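Working through the structure, step by step
So the chains spell out like this:
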Amino acid sequence: MLFTSTIRVASRRVASNSRRLLSSSATKTASSQDAARKLAPYFAAATVAFGATQLSVNKNISQAEKPVDSDCQALLEQNSSKFAQYWPRNILILFGPPGAGKGTHGPKVEELLGIPQLSTGDMLRAAVAAQTEVGKKAQAVMKAGGLVSDDIVVGIIRDRIKEEDCKLGFILDGFPRTLAQAKALDTMLAEEGARVTKVVELHVPDEVLEERICGRWIHKKSGRSYHVKYAPPKSMEKDSDGKPKPETMLDDETNEPLIQRPDDTATALVKRLSSYHGETVPILEHYNPNGIVKQVNANQGMTGVWKEVLGALSR
Ligand code: ADP
Ligand code: AMP
């Protein structure tokens, strides 16, 4: 049931974020960039494991080369497999209604923790674009703002979390969306002695979501999300009515055209919010007794939200 396109999309955000992470340091050499790219998913965890003293094991190497020096690289590899084998996986759920900011903050969490963000919405959109069997089944229900069947999304996640990049953990975005999905997730994790470690709930009142959803533009390939008012692309120009000119809505990084999702309409949002409150919110009660649910006020500027997300993620 696994589709190649699914894996590609799911890994996409990680790849693009690793690239962003790497390009931020202009001093890195090409070979050290390769090494860092290879090690990026393990970096955060492995650094904790062998600590600052061991990171500076060779005091003569330059600051830029230090994290990817070959001794360090060997240590990182050694430690990353130790983590993968013996440490609990970091399994996070980014929770919230459509438009809450999961796609906005998820990539930053990826970058922080070095684990991939798995968006079932992105995976399903890729399946629709590729017109796979699953895509054909999901297309109409997605456009109308309904929920795709539990069997389909559980199958997608079951396959995806077996991938190599998920071995230290992963961030779920848009999954689970029903109690049945949450229970299926718990069961599949329990099979390998794992469980959900944190649920970060981005709390936003419904009335602010229409403006967020109807003003959202996305870069399809990367999943990068923009907003006509709150996060406009650099290229945006407005017409005489103050509306953005569609041909000027381009991705900041690639200059490729942005699109509006077919389900980002006021009508579909009503249905999406109704299933969010009716079927998804009860999941919070399911995880609450474990003390892992953390609420974030996502009805404030993005910087404030991010600060609270960091607080929610820390121990
Ligand atoms: P989700 O992935 O939860 O559906 P997004 O992260 O795509 O939501 O955010 C929806 C829209 O709202 C995007 O256009 C995004 O730029 C914008 N947005 C996200 N967070 C905020 C915020 N705190 N304030 C204003 N707009 C926001
Ligand atoms: P999202 O990108 O998370 O807003 O998801 C877009 C659409 O994909 C949703 O409105 C649903 O139709 C479908 N979808 C995504 N994730 C799930 C899920 N876990 N369960 C059911 N349907 C989903």
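Just above, that's the structure.
Residues numbered from 1 in each chain as written. Chains lettered and ligands numbered in written order. Predicted model: local features only at pLDDT ≥ 70, side-chain atom pairs only at ≥ 80, totals over all residues. Heavy atoms only, no water.

Before going further, it helps to spend a moment on the overall build of the protein. What the protein contains, in helices and strands, is 12 helices and seven strands. Here the protein holds 315 residues, and the buried ones make up 47% of them. (Helix = DSSP H or I, 4+ residues; strand = E, 2+ residues; numbered from the N terminus. Buried < 20%, exposed > 50% of the residue type's maximum accessible area, 1.4 Å probe, protein only.)

Attention now moves to the sheet that holds strand β7 (residues 293–297). Sheet architecture is open: five strands sit in the order β2-β3-β1-β4-β7, paired in parallel fashion. Each edge of the open sheet carries a strand with a single partner, namely β2 (117–119) and β7. If you compare each strand with its neighbour and ignore which way they point, the axes differ by 20 degrees on average. (Pairing = 2+ DSSP bridges. Axes fitted to C-alpha atoms, helices over the stretch in contact; angles between N-to-C directions.)

As a further point, take the site of ligand 1. Neighbouring ligand 1 are 20 residues, the closest being G103, T104, R216, Y226 and Q300. The separation between an oxygen atom of ligand 1 and a polar main-chain atom of G103 is 2.8 Å. Taking Q300, its main chain carries an N or O atom lying 2.8 Å from a nitrogen atom of ligand 1. Protein contact buries 94% of the 560 Å² of open area that ligand 1 shows by itself. Elements represented by at least two residues in the shell around ligand 1 include exactly α4 (102–113), β6 (225–227) and α12 (302–313). In terms of residue class, the shell around ligand 1 is built from nine nonpolar, eight polar and three charged. (Near = heavy atom within 4 Å. Polar contact = N/O pair within 3.5 Å; in protein donor to acceptor, adjacent residues only side chain to side chain. Areas by Shrake-Rupley, 256 points an atom, 1.4 Å probe, with all protein chains shown as cover. Nonpolar A, V, L, I, M, F, W, Y, C, P; charged D, E, K, R; others polar.)

Turning next to the packing of aromatic side chains. All told, the structure shown has two aromatic pairs when counted by the stated rule. An angle of 55 degrees between the planes, with centres 5.9 Å apart, marks the rings of F95 and Y276 as tilted. Of this pair, F95 sits in strand β1 (residues 90–95) while Y276 is found in helix α10 (residues 266–280), placing the two residues 181 residues apart along the sequence. Judged on exposure class, the residue F95 and its partner Y276 are both buried. (Phe/Tyr/Trp six-rings, centres within 6.5 Å; stacked < 30°, edge-to-face > 60°.)

Bringing the site of ligand 2 into the picture now. Looking at ligand 2, there are 16 residues lining it, with T120, G146, G174, R177 and R261 nearest. Between ligand 2 and V148, the relevant distance is 3.0 Å, taken from a nitrogen atom to a main-chain nitrogen or oxygen of the residue. In the complex, 96% of the free accessible area of ligand 2, which totals 480 Å², lies under the protein chains. Among the residues making up the shell around ligand 2, the classes are represented as six nonpolar, five polar and five charged.

Next up on the list: the environment of D252. With respect to the element layout, D252 can be found in the loop between β6 and α10. Overall, D252 belongs to the partly exposed group, its relative accessible area being 33%. Dropping the residues within four chain positions of it, D252 is found in contact with Y226, P233 and K234. Polar contacts involving the side chain of D252 include one to the main-chain amide nitrogen of K234, which spans 2.8 Å. (Contact = heavy atoms within 4.5 Å.)

For an α-helix, 3.6 residues make a turn, and residues three or four places apart therefore share a direction. Relative to the 16 Å expected for 12 residues at 1.5 Å per residue, α4 spans 16 Å between its end C-alpha atoms, a close match to the ideal helical length. Within α4, burial applies to K102, H105, G106, P107, V109 and E110. Of the residues flanking the end of α4, it is G114, one or two places downstream, whose phi is positive at about 70 degrees. (Expected span 1.5 Å × (residues − 1).)

In this section: the side chain of Q117. Residue position: Q117 is located in strand β2. In terms of polar contacts, Q117 uses its side chain to reach the side chain of D173, at 2.7 Å.

With that settled, consider the nonpolar core. Judged by nonpolar contacts, the single largest core of 35 residues is most densely connected at L124, L185, V196, V199 and Y287. At the level of secondary structure, the elements contributing two or more residues to this core comprise β1, α5 (120–130), α6 (133–143), α7 (150–160), β3 (169–173), α8 (179–190) and α11 (282–287). Discounting chain neighbours no more than four positions away, the residues touching V199 are I93, F95, L284, Y287, I292, V293 and K294. V109, I115, I171 and V296 belong to the second-largest nonpolar core, a separate cluster that totals 22 residues. (Core = buried A, V, L, I, M, F, W, Y, C linked by side-chain atoms within 4.5 Å.)

With that settled, consider the pattern of salt bridges. Applying the stated criterion to the full structure yields 15 salt bridges. Linking K167 and E164 is a salt bridge whose minimum nitrogen-to-oxygen distance equals 2.9 Å. What makes K167 partly exposed here is its relative accessible area of 27%. In this structure, D264 and R261 form a salt bridge, with 4.0 Å as the shortest nitrogen-oxygen distance. R261 carries the same exposure label as D264, and that label is buried. Where salt bridges share partners, they join R216, R261, D263, D264 and R272 into one cluster. (Salt bridge = Lys/Arg side-chain N within 4 Å of Asp/Glu carboxyl O.)

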